[in-house]
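These are the residues of each chain, in order.
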Amino acid sequence: MRGRRVAVFACPIVAILLHLPTLRNDFVFDDQAIVSQNPLLKDLRDLPRLLVAPYWMNLHQGQRLYRPLTTVSFALNRALVGHLDPRWFHLGNVLLHACATLLVTLLALEMLPGARAPAIAGLLFATHPVHVEAVAGIVGRAEILAASGVLAGVLCHRRALYAPAGGGTMWIAGTWG
């Protein structure tokens, strides 16, 4: 039991420590158009418009991306600080990556025996180089949020399946959330 608790706490902490250097980064590439130059992020009163505005619009190809949760998270990030400071946006990504790592670890604890294999799964997720772009680039938050949503849905589904009779309603609702 102790090893399982260690895995639950250690894996997200490793994810945080590994990506803390990103706090020194500035707004780069798409971060500028989507975050630092987006007038809708300046005031939370623009939230209704934010929910229907495109996340990214490619005028040359007529393509629009719609990512309201990501855009709202950027607006909340800016509102918490009161101004545009890339460090806080990067910190948000680091903390969200730690949450995704926690979800992977919890899922692995349910699916794998013991504590060692789930800890390895959580640590692999926390440290895998494929996550660098999503965590280090502010706009990568969309991928972190998507991964977290899928992981939370799978975890809730598993818990609903194995809940005692009539006790899975909350987990089913979490699957749909």
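Reading guide: rules and limits
Residues numbered from 1 in each chain as written. Predicted model: local features only at pLDDT ≥ 70, side-chain atom pairs only at ≥ 80, totals over all residues. Heavy atoms only, no water. Helix = DSSP H or I, 4+ residues; strand = E, 2+ residues; numbered from the N terminus. Buried < 20%, exposed > 50% of the residue type's maximum accessible area, 1.4 Å probe, protein only. Contact = heavy atoms within 4.5 Å. Areas by Shrake-Rupley, 256 points an atom, 1.4 Å probe, with all protein chains shown as cover. Lys, Arg positive; Asp, Glu negative; His and termini not counted. Charge placed at Lys NZ, Arg CZ, Asp CG, Glu CD.

Novice: Teacher, can you tell me more about the overall build of the protein chain here?
Specialist: Counting its secondary structure elements, the protein chain contains nine helices and two strands. Overall, the C-alpha framework of the protein chain stretches about 50 × 40 × 35 Å when taken along its three principal axes. Counting the 177 residues in the protein chain, one finds 38% classified as buried. Put simply, of all contacts in the protein chain between residues at least 6 apart along the chain, 67% involve residues at least 24 apart. For the protein chain, the exposed surface amounts to about 10600 Å²; the carbon and sulfur share of it is 67%. Considering the protein chain, the positive charge centre built from 15 side chains and the negative charge centre built from 9 side chains are found 10 Å apart.

Novice: Whenever I open this one, unusual backbone geometry confuses me. Can you help?
Specialist: Note: most residues except glycine have negative phi, and most peptide bonds are trans. A positive phi angle, near 45 degrees, is found at Phe29, a position not held by glycine. Summarising the element assignment, Phe29 is placed in the loop between helix 1 (2-19) and helix 2 (30-36).

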